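Structural characterization, general
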Amino acid sequence: MGIAMTMQEYLKDNHVPYDIAKHNKTSNSEMTARVSHVPNTALAKGVVLKWDSSYILAVLPASRRVDLKKVRDIVGEKVELASEEEAAALFPDCDEGAVPIFGAPYHLPCVIDEGLEVSGDVYFEGGDHRTLVHVSHDGFERLMYGMPRGHISG
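Everything in this summary refers to the structure shown in the same document. Note that the coordinates shown come from a computational prediction; the quantities given were computed from them, not determined experimentally.

**Quick word on the pattern of salt bridges**
Oppositely charged side chains can form a pair if their charged atoms are brought close together. Going through the model one piece at a time under the given rule, you end up with four salt bridges. Note that Glu86 and Lys50 form a salt bridge whose closest N and O atoms lie 3.2 Å from each other. Taken together, the residues span a long stretch of sequence, with Glu86 in helix H4 (residues 84-90) and Lys50 in strand E2 (residues 44-51) at a distance of 36 residues. A salt bridge links Glu141 to Arg149; its shortest N-O distance comes to 3.0 Å. Judged by relative accessible area, which is 25%, Arg149 ranks as partly exposed.

Have a look at this one:
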């Protein structure tokens, strides 16, 4: 599959150069970092949360877990983990479980963990479990401009 068309168009529309690397299929972000030889603090992952009657995308380093209480403190309402089925329905051009890190092209609000601000280049899954996308930190910041940030992981 490679990089999902929605993400590819989002990168192009925002003039963010990127490169991709193939890796063996993995089942989680930490394993992806390991097989790709990327520090797991530089690999961003998306976690879909139920928020009120909608959804929100939490973006954090692969090495961390989302802290629902900390997200609630930022968004002001109760949040809970969405199911795999709910997440898959939000990203029809991605494999199940390969949650993107960009909410905007999928019409989802985002909240970003501050831990991603201190890293250099950023890596993320491209829409399947075999493609890693690499962007510069400046490119990542351009793509996430205006998104709320906070300490949302533990």
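Alright, that's what it looks like, and here's the rest.
**Let's talk about the layout of surface pockets**
By volume, the largest pocket amounts to about 710 Å³. For the largest pocket, the lining is made up of 28 residues, of which Ser29, Lys45, Gly46, Val47 and Glu84 are closest to its centre. Residue assignment for the lining of the largest pocket shows that the elements contributing at least two residues are helix H2 (29-36), E2, H4 and strand E6 (122-125). A per-element tally of the lining of the largest pocket places E2 first, with five residues. Grouping the constituent residues of the lining of the largest pocket by class yields 12 nonpolar, 10 polar and six charged.

**Here we look at the sheet that holds E6**
Taken in spatial order, the three strands make up an open sheet running E1-E7-E6, and their pairing is antiparallel. Edge positions in the sheet fall to strand E1 (19-22) and E6, since each has one partner strand and no second. Across the sheet, the axes of successive neighbouring strands diverge by a mean angle of 30°, strand direction being ignored. Summarising the sheet, E1 and strand E7 (residues 131-135) pair through four bridges and their orientation is antiparallel. Bridging from a neighbouring strand, Asp19 pairs with His134 of E7.

The rules behind the values
Residues numbered from 1 in each chain as written. Predicted model: local features only at pLDDT ≥ 70, side-chain atom pairs only at ≥ 80, totals over all residues. Heavy atoms only, no water. Salt bridge = Lys/Arg side-chain N within 4 Å of Asp/Glu carboxyl O. Helix = DSSP H or I, 4+ residues; strand = E, 2+ residues; numbered from the N terminus. Buried < 20%, exposed > 50% of the residue type's maximum accessible area, 1.4 Å probe, protein only. 1 Å grid on protein atoms, 1.4 Å probe; cavity = no way out; pocket = protein on both sides within 12 Å on 5 of 7 lines; lining within 4 Å. Points joined across faces, edges and corners; volume = space filled by probe spheres on them. Nonpolar A, V, L, I, M, F, W, Y, C, P; charged D, E, K, R; others polar. Pairing = 2+ DSSP bridges. Axes fitted to C-alpha atoms, helices over the stretch in contact; angles between N-to-C directions.

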